[in-house]
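Examination of the molecular architecture
If you want the building blocks of each chain, they are given just below.
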Amino acid sequence: MNAPFEVPVVDISPYVRGGTDAERAVTADAMDTACRTVGFVQVVGHAVPDEAAADLASAVDDFFALPLETKKQLCAPKGVNRGYTPPKSENLSLSLGLQAADRMNDFFEAFNTGAAVADYPDASVPLDPALYPENLWPAESLVPGFRQRVQTWEAQAGRVARTLTAVFADALGLEPDWFRGVTGHSLDVLRMNNYALPPGTVDLDGDLTGMGEHTDYGIVTVLWADQVPGLQVLGRDGHWHDVVPADGALLVNLGDAMARWTNERWMSTLHRVKPPVVDGSIQRRRSVAFFHDGDVDAVVTALPGTVEDGEEPLYPPVTIGEHISAKLAGSRDLQENTDAVREAARVLASAR
Ligand SMILES: O=C(O)CCC(=O)C(=O)O
Ligand SMILES: [Fe+2]
């Protein structure tokens, strides 16, 4: 029988409050094991106040409760990863170049915010406003306090993500501030996801997909989610496993940049969302992902020591900007990404 699938719990408090070298080494070691074996981590000891999470959840409720027509006024132009995306407008499995002929688009609706050009006045390169666009906030009178609640969370999630990269540097034997060199003007995006459809609109005979299978694209993702099943993670056993955040934990997963820098010593693990259907309607589920993706011009290529003598790296060099643009063209513009061969092969090998 297979060993049960478990997402390891890692306590990062020695990096948050300044622990001893020995305490940090325990954390870094546990992180290395989690990243090598699962690629998802239940992170505790992050010191995010409960109130910030409660305010985030209420902000998500308030926004998605608006009428669809009102939300649609906050849609960004095509190709701009900001604002509202209505249900069934994205297809995440196309970010891998995978598509089933009968597959409808993902039914999640989302609201995206993120880093804009103006957030990095000292950036070392000129930043393209297409990749660092302005945010589209609902009017304060429409959802009072929304922006403030969301920005408080963005700051907390960003702090956790940067702390995690300090843990990663130790775990990989890099200089402690190695990630600072590739995240000075990081492409950071916050995506609030609402998995719900009005009763009667669910076609239970169809292939219902909350969010199609995908890997995340950048360095690391910090996820807050309801403890409602739906998120499924592809284990090394080739099976999909339900994962919910542990009490007080943030779910963290690695993106493609980490798999590429480490030449797959660490994994950008495939995941998808299939929320449960109860009495003919979807049990509502909320999640908020903070993507810490790295500098648009950072080159991602196998780190020294990760490729055996005489072997080739598993991936050719790519910049973060090139990689993310190819992925977003898949999920948002519905063009199959032909440059995700290794990720797509993992999905096709899984037990669906
Ligand atoms: O809803 C979730 O739990 C996962 C969301 C996700 O994978 C994403 O937004 O990339
Ligand atoms: Fe994801």
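Rules used in this analysis
- Residues numbered from 1 in each chain as written.
- Chains lettered and ligands numbered in written order.
- Predicted model: local features only at pLDDT ≥ 70, side-chain atom pairs only at ≥ 80, totals over all residues.
- UniProt positions renumbered as here; feature names shortened; annotations may be inferred.
- Helix = DSSP H or I, 4+ residues; strand = E, 2+ residues; numbered from the N terminus.
- Contact = placed C-beta atoms within 7 Å.
- Pairing = 2+ DSSP bridges.
- Axes fitted to C-alpha atoms, helices over the stretch in contact; angles between N-to-C directions.
- Expected span 1.5 Å × (residues − 1).
- Buried ≥ 20, exposed ≤ 12 C-beta atoms within 10 Å, placed from the backbone.
- Arc of directions from axis to C-beta.

Per an unreviewed UniProt entry, the protein carries the name 2-oxoglutarate and iron-dependent oxygenase domain-containing protein and comes from Kineococcus endophyticus. Entered under Pathway (unreviewed entry) in the UniProt record, the comment concerning the protein runs "Antibiotic biosynthesis."

Inspection of the secondary structure puts Gly184 in the loop between helix H5 (146-171) and strand S5 (186-195). Separated by 57 residues in the primary sequence, Gly184 and Leu127 have C-alpha atoms spaced 12 Å apart. Residues in contact with Gly184, not counting those within four places in the same chain, are Ala123, Ser124 and Asp295.

The next subject is the sheet that holds strand S8 (residues 231-234). Pairing is antiparallel in the open sheet, where four strands are placed in the order S6-S11-S8-S9. Only two strands of the sheet have a single partner each, and these edge strands are strand S6 (211-214) and strand S9 (240-242). Across the sheet, the mean angle separating the axes of adjacent strands is 20 degrees when strand polarity is ignored. Two strands pair when backbone bridges link them, and S8 and S9 are joined in this way by three bridges, in the antiparallel orientation. Across the sheet, residue Leu234 finds its bridge partner in S9, namely Trp240.

Attention now moves to helix H3 (residues 50-64). In this model H3 runs 22 Å from its N-terminal to its C-terminal C-alpha over 15 residues, within 8% of the 21 Å that 1.5 Å per residue would give. Where H3 is concerned, the buried positions are Leu56, Ala59, Val60, Phe63 and Phe64. All buried residues of H3 lie within an arc of 110 degrees about the axis, which places them on one face of the element. Every exposed residue of H3 that faces more than 90 degrees away from the buried side is listed here: Asp50, Glu51 and Ala54.

For residues that are not glycine, phi is negative in most cases, and the peptide bond is trans in most cases. A positive phi is found at Ala47, a non-glycine position, where the angle reads about 65 degrees. Here Ala47 is to be found in the loop between strand S2 (40-44) and H3. Looking at Ala47, the number of C-beta atoms within 10 Å reads 13, which means it is partly exposed. The backbone of Glu264 shows a phi angle near 70 degrees, a positive value even though the residue is not glycine. Here Glu264 shows up in the loop between helix H6 (256-261) and strand S11 (271-273).

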